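Below are the chains, spelled out letter by letter.
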Amino acid sequence: MKLQYFGDSKDSFKWDYHDYLTNALGFKVLNILLMMTYDDDTNEGKTKPDWFPARSEIVQFCHELRAERDISKIISLPSKTGASYKVNLHKPENYISKNDRNSFCSDISNHCDQVVFLDPDNGMEPEKKYNEKHISYSELSIILDQISNNSVISVFQHFRRKKFKDDFARIKERLLVVIPTAHVTGIFWHQLMFVVLGMSETTINKIREINCVYKRSYPVEIIE
């Protein structure tokens with residue numbers, strides 16, 4: 001996650017979906033691991049939030065994020081939509097580097113069922129090697145070991161020049177090598193996919209149902 005991405009169209013999908021998902025699951029916490037990296041000289045992050053047809057309060061929320069670029073403002077998400085869960089920002093001051101891959105995925109609160117959202121710049125580790133822009137499969141395993149059985153992890157996955165359905169199939173294949181008892185589903189829009197995984201088949205099946213309901217109102221596609 002870079003500050004330059006704050007409030008763009010991907011943010012609009014990101015916050016609308018995770019607000020909806022956490023609320024629909026009835027979980028009390030949306031725990032966000034921002035995986036912050038430093039801004040660069042590209043033009044990425046300039047798309048308008050209303051390019052994704054999110055709820056009006058989410059679009060306004062994204063405009064506020066873009067204007068203020070204050071990480072702590074993310075905590076106000078549920079108050080914008082009238083939801084009852086709370087947002088926790090896990091070590092928001094930590095910037096990810098290729099030499100320090102452990103601090104961001106340690107000491108994760110596990111006092112209740114939660115949605116743990118991981119926000120790397122690019123998503124899952126690629127086939128050859130990964131850097132600060134990715135999350136590794138072994139790191140996902142470390143996080144799963146710290147949270148309740150009913151909790152889930154959602155991972156930001158950017159488009160990688162292959163169809164999302166093909167990319168999801170490969171991600172699932174690689175994930176199950178490391179975590180063979182995990183259950184996985186996914187949802188995507190435009191150039192952004194969220195890969196959702198957990199240890200409870202019941203919870204993942206419920207998320208599949210939630211995704212189907214979400215799809216009725218938004219231009220998204222579901223992957224199994």
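We now turn to the structure provided with this report. (Residues numbered from 1 in each chain as written. Predicted model: local features only at pLDDT ≥ 70, side-chain atom pairs only at ≥ 80, totals over all residues. Heavy atoms only, no water.)

## Regarding the overall build of the chain
Tallying secondary structure elements over the chain gives six helices and nine strands in all. Taken over C-alpha atoms, the radius of gyration comes to 16 Å for the chain, in line with the 17 Å a tight globule of 224 residues would show. Sorting the 224 residues of the chain into buried and exposed places 52% on the buried side. Put simply, 74% of the contacts in the chain that link residues at least 6 apart link residues at least 24 apart. (Helix = DSSP H or I, 4+ residues; strand = E, 2+ residues; numbered from the N terminus. Rg over C-alpha atoms; globule rule 2.2 N^0.38 Å. Buried < 20%, exposed > 50% of the residue type's maximum accessible area, 1.4 Å probe, protein only. Contact = heavy atoms within 4.5 Å.)

## Quick look at the nonpolar core
Grouped together as the largest cluster of nonpolar side chains are 42 residues, with contacts concentrated most on Phe13, Trp15, Tyr17, Ile32 and Ile74. Residue contacts for tryptophan 15: discarding those within four places in its chain leaves Ile32, Ile58, Phe61, Cys62, Leu65, Ile74, Leu77 and Phe117. Membership of the second largest hydrophobic core comes to 29 residues, among which are Ile135, Leu175, Phe188 and Leu197. (Core = buried A, V, L, I, M, F, W, Y, C linked by side-chain atoms within 4.5 Å.)

## Thoughts on the state of the cysteines
Under the counting rule described, the total for this entry stands at zero disulfides. In this structure cysteine 105 is a free cysteine whose sulfur lies 19 Å from that of cysteine 112, the closest cysteine sulfur available. (Disulfide = S-S within 2.5 Å.)

## Some words on the environment of serine 76
Take serine 76: it is sitting in the loop between helix H2 (56–68) and helix H3 (77–81). In the structure, serine 76 is positioned 54 residues away from threonine 22 in sequence and 14 Å away in space, judged by C-alpha atoms. A polar contact of 2.7 Å, which involves the side chain of serine 76, links it to the backbone oxygen of lysine 73. (Polar contact = N/O pair within 3.5 Å; in protein donor to acceptor, adjacent residues only side chain to side chain.)

## Topic: helix H6 (residues 201–215)
When the terminal C-alpha atoms of H6 are compared, their 21 Å separation across 15 residues agrees well with the 21 Å that a helix rising 1.5 Å per residue should span. Elements in contact with the buried residues of H6: helix H1 (9–25), strand S6 (152–158), strand S7 (183–189), strand S8 (192–198) and strand S9 (221–223). (Expected span 1.5 Å × (residues − 1).)

## Structural notes on the sheet that holds strand S3 (residues 114–118)
Sheet architecture is open: seven strands sit in the order S2-S1-S3-S6-S8-S7-S9, paired in mixed fashion. The open sheet has two edge strands, strand S2 (86–89) and S9, and neither has a second partner. If you compare each strand with its neighbour and ignore which way they point, the axes differ by 20° on average. Bridging between S6 and S8 involves seven bridges; their strand directions are antiparallel. Across the sheet, the residue bridging to phenylalanine 156 is phenylalanine 194, located in S8. Lying on the sheet, helix H4 (residues 137–144) is in contact with strand S1 (29–33), S3, S6 and S8; it crosses S6 at an angle near 155°. (Pairing = 2+ DSSP bridges. Axes fitted to C-alpha atoms, helices over the stretch in contact; angles between N-to-C directions.)

## Remarks on the packing of H1 against H6
The interhelical angle for the contact between H1 and H6, taken along N-to-C directions, is 125°, at an axis separation of 10 Å. Taken together, H1 and H6 sit at an angle that is classed as oblique. As for the relative orientation of H1 and H6, their crossing is right-handed in sense. Where H1 approaches H6, its residues Phe13, Asp16, Tyr17, Tyr20, Leu21, Ala24 and Leu25 are matched on the opposing element by Thr203, Lys206, Ile207, Ile210, Asn211, Val213 and Tyr214. Looking at side-chain class alone, the contact of H1 with H6 contains 10 nonpolar, two polar and two charged residues. (Parallel < 35°, antiparallel > 145°, perpendicular 65-115°, else oblique. Left-handed = near helix turned anticlockwise from the far one by under 90°. Nonpolar A, V, L, I, M, F, W, Y, C, P; charged D, E, K, R; others polar.)

## A look at the pairing of S3
Counting buried positions over the five residues of S3 gives five, a clear majority of the element. Residue alternation in S3 divides its side chains into two sets, Gln114, Val116 and Leu118 and Val115 and Phe117, and both sets are buried. With five bridges joining them, S1 and S3 adopt parallel strand pairing. Looking at S3, one finds that isoleucine 32 is bridged to phenylalanine 117.

## Regarding the packing of H4 against helix H5 (residues 164–178)
Between H4 and H5, whose axes approach to 9 Å, the crossing angle comes to 60°. The angle between H4 and H5 places the two elements in the oblique class. The hand of the H4/H5 crossing is right-handed. Residue-level contacts link Tyr137, Ser138, Leu140 and Ser141 of H4 to Ile171, Arg174, Leu175 and Val178 of H5. Of the residues in the contact of H4 with H5, the class split is five nonpolar, two polar and one charged.

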